[in-house]
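Notes for the structure review
Residues per chain, in single letters:
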Amino acid sequence: GQQVMQIPQYQHVQEGEDFTTYCNSSTTLSNIQWYKQRPGGHPVFLIQLVKSGEVKKQKRLTFQFGEAKKNSSLHITATQTTDVGTYFCAGTRNTDKLIFGTGTRLQVFP
Amino acid sequence: NAGVTQTPKFQVLKTGQSMTLQCAQDMNHNSMYWYRQDPGMGLRLIYYSASEGTTDKGEVPNGYNVSRLNKREFSLRLESAAPSQTSVYFCASSVAGTGQFFGPGTRLTVL
């Protein structure tokens, strides 16, 4: 079946450093979504990418969708303590059924 | 707007007991979902409803049943709980083709 893998599983950074998480699908995706989950909280939708090669920015966050629509990345510039949480990618193939990646847990030390 | 609400927040069951997890949304979304989240496993889709009166299986439907009571409500039932069903359960809703809004979750422990 379809699988979506994320790396790294954990990342610890000093406040101010950059952070990147990578998402790879075994199959071509229709679109990819990114979610953030704070410790003890629920996933919160960040963004959706649809087009091949698409790049979107939200303040310090940059999201990319690969040319083959099988991979994606989230880059955070100059991390802050408020960025702490687990970041999930989730892909679909022509349906609304999301396949979630395993997530990357980000810890930021002040 | 309350968004997506779930009840209960916490539940402890004994093996073999049954229970229903309730979910409601007030955003007029057509699509609703039930996920479970286990440590290191991410979120896995249990069941999905594209509209009132329709339901579809996700990745891990065994041991669960669902009811889309109306456009607002989507319930998840465990007929005979097993320890393997210990998890955090999230309900979500969306407009088709857009991001999903999640409820606060139910933490279920099956002894």
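Throughout what follows, the structure given in this document is the object of discussion. None of these values were measured; they are calculated from a predicted model.

When helices and strands are counted, chain A shows zero helices and 11 strands. Written out in order from the N terminus, the α and β elements of chain A read β-β-β-β-β-β-β-β-β-β-β. At 13 Å, chain A has a C-alpha radius of gyration in line with the 13 Å of a compact globule built from 110 residues. With respect to the principal axes defined by its C-alpha atoms, chain A has extents near 40 × 25 × 20 Å. The burial tally for chain A puts 47% of its 110 residues in the buried class. Put simply, 54% of the contacts in chain A that link residues at least 6 apart link residues at least 24 apart.

What follows deals with the state of the cysteines. Applying the stated criterion across every chain yields a total of two disulfides over all chains. Each disulfide pairs two cysteine sulfurs, and for Cys23(A) the partner residue is Cys89(A), the sulfurs being separated by 2.0 Å. Because the sign of the S-S torsion sets the handedness, a value of about 75 degrees for the bond joining Cys23(A) and Cys89(A) places this disulfide among the right-handed ones. Of this pair, Cys23(A) sits in strand β3 (residues 19–25) while Cys89(A) sits in strand β9 (residues 85–92), placing them 66 residues apart in sequence. Of the two residues, Cys23(A) and Cys89(A), neither departs from the other in class, the shared state being buried. A sulfur-sulfur separation of 1.9 Å characterises the disulfide bridge that pairs Cys23(B) with Cys91(B). The sign of the -70 degrees torsion about the S-S bond sets the Cys23(B)-Cys91(B) disulfide as left-handed. In this pair, Cys23(B) is assigned in strand β3 (residues 19–25) and Cys91(B) in strand β9 (residues 87–94), connecting sequence segments 68 residues apart.

Let us now look at the interface of chain A and chain B. Taken together, the 17 residues of chain A in the interface contact 22 residues of chain B. At the boundary of chain A with chain B, total buried surface from both sides reaches about 1500 Å², with 53% on carbon and sulfur atoms. When the buried surface of chain A facing chain B is broken down by residue, Asp96(A), Lys97(A) and Phe100(A) rank first, second and third, together holding 39% of it. The interface formed by chain A and chain B holds one salt bridge in total.

So, on to the pairing of β3(A). Residue and element names in this part refer to chain A. Across the two faces of β3 the burial differs, with Phe19, Thr21, Cys23 and Ser25 buried and Thr20, Tyr22 and Asn24 not buried at all. With four bridges connecting them, strand β1 (residues 4–7) and β3 associate as antiparallel partners. Of the residues in β3, the one forming a bridge with Met5 is Asn24. As paired strands, β3 and strand β8 (residues 71–76) are joined by six bridges and run antiparallel to one another.

This part covers the sheet that holds strand β1 (residues 4–7) of chain B. Residues and elements named next belong to chain B. In spatial order, the strands read β1-β3-β8-β7; together these four strands make up an open sheet with antiparallel pairing. Each of the sheet's edge strands pairs with one partner strand only, and the pair in question is β1 and β7 (64–68). The sheet shows a mean angle of 15 degrees between the axes of neighbouring strands, direction not considered. In terms of strand pairing, β3 meets strand β8 (residues 74–78) through three bridges, oriented antiparallel. Across the sheet, residue Thr20 finds its bridge partner in β8, namely Arg77.

In this section: the packing of aromatic side chains. The full count for this structure, using the stated rule, is 13 aromatic pairs over all chains. Between Phe19(A) and Tyr87(A), the ring centres sit 6.0 Å apart and the planes meet at 45 degrees, which makes this aromatic pair tilted. Within this pair, whereas Phe19(A) is found in strand β3, its partner Tyr87(A) is found in strand β9, the two being separated by 68 residues in sequence. Exposure class is identical for Phe19(A) and Tyr87(A). Each is buried. With a centroid separation of 5.7 Å and an interplanar angle of 85 degrees, the aromatic rings of Tyr35(A) and Phe102(B) are classed as edge-to-face. Of this pair, Tyr35(A) sits in strand β4 (residues 31–37) while Phe102(B) sits in strand β10 (residues 101–102), placing the two residues on different chains.

The linkage connecting Ile7(A) with the following residue, Pro8(A), adopts the cis geometry, with an omega of -5 degrees. Cis geometry marks the peptide bond from Thr7(B) to Pro8(B); its omega dihedral reads -5 degrees. Here Pro8(B) lies in the loop between β1 and β2 (10–13). Although it is not a glycine, Ala78(A) sits at a positive phi angle of roughly 50 degrees. One non-glycine residue, Asn28(B), lies in positive phi territory at about 60 degrees. Mapped onto the elements of the fold, Asn28(B) is located in the loop between β3 and β4 (31–38).

Parameters and conventions
- Starting afresh in each chain, residues are numbered from 1 along the sequence in its written order.
- To label them, take the chains in the order written and letter them from A, then take the ligands in the order written and number them from 1.
- Where local features are concerned, this predicted model is filtered to residues with pLDDT of at least 70; where side-chain atom pairs are given and counted, the filter is 80 or more; whole-chain, interface and lining totals use all residues.
- Hydrogens are left out, water is left out, and the side-chain values use all remaining heavy atoms of the structure.
- Secondary structure elements follow DSSP: runs of H or I no shorter than four residues count as helices, runs of E no shorter than two count as strands, and numbering proceeds from the N terminus.
- The globule rule used for comparison is 2.2 Å times the number of residues to the exponent 0.38, while the radius of gyration itself is calculated over C-alpha atoms.
- Throughout, exposure labels follow a simple rule: accessible area from a 1.4 Å probe, protein chains only, divided by the maximum for the residue type, with under 20% read as buried, over 50% as exposed, and the rest as partly exposed.
- We call two residues contacting when some pair of their heavy atoms lies within 4.5 Å.
- We call a pair of cysteine sulfur atoms a disulfide whenever their separation is within 2.5 Å.
- When two parts are brought into contact, each loses some accessible area as probed by a 1.4 Å sphere; the total of that loss over both is the buried area.
- Whenever a carboxyl oxygen of Asp or Glu lies within 4 Å of a side-chain nitrogen of Lys or Arg, that contact is scored as a salt bridge.
- Between any two strands, pairing holds if DSSP finds at least two bridges.
- To define axes, lines are fitted to C-alpha atoms, for helices over the stretch in contact only, and angles between the resulting N-to-C directions are given on a 0 to 180 degree scale.
- The aromatic pairing rule takes the rings of Phe, Tyr and Trp, using the six-membered ring of Trp, and pairs them if the centres are within 6.5 Å, calling planes under 30 degrees apart stacked, those over 60 edge-to-face and the rest tilted.

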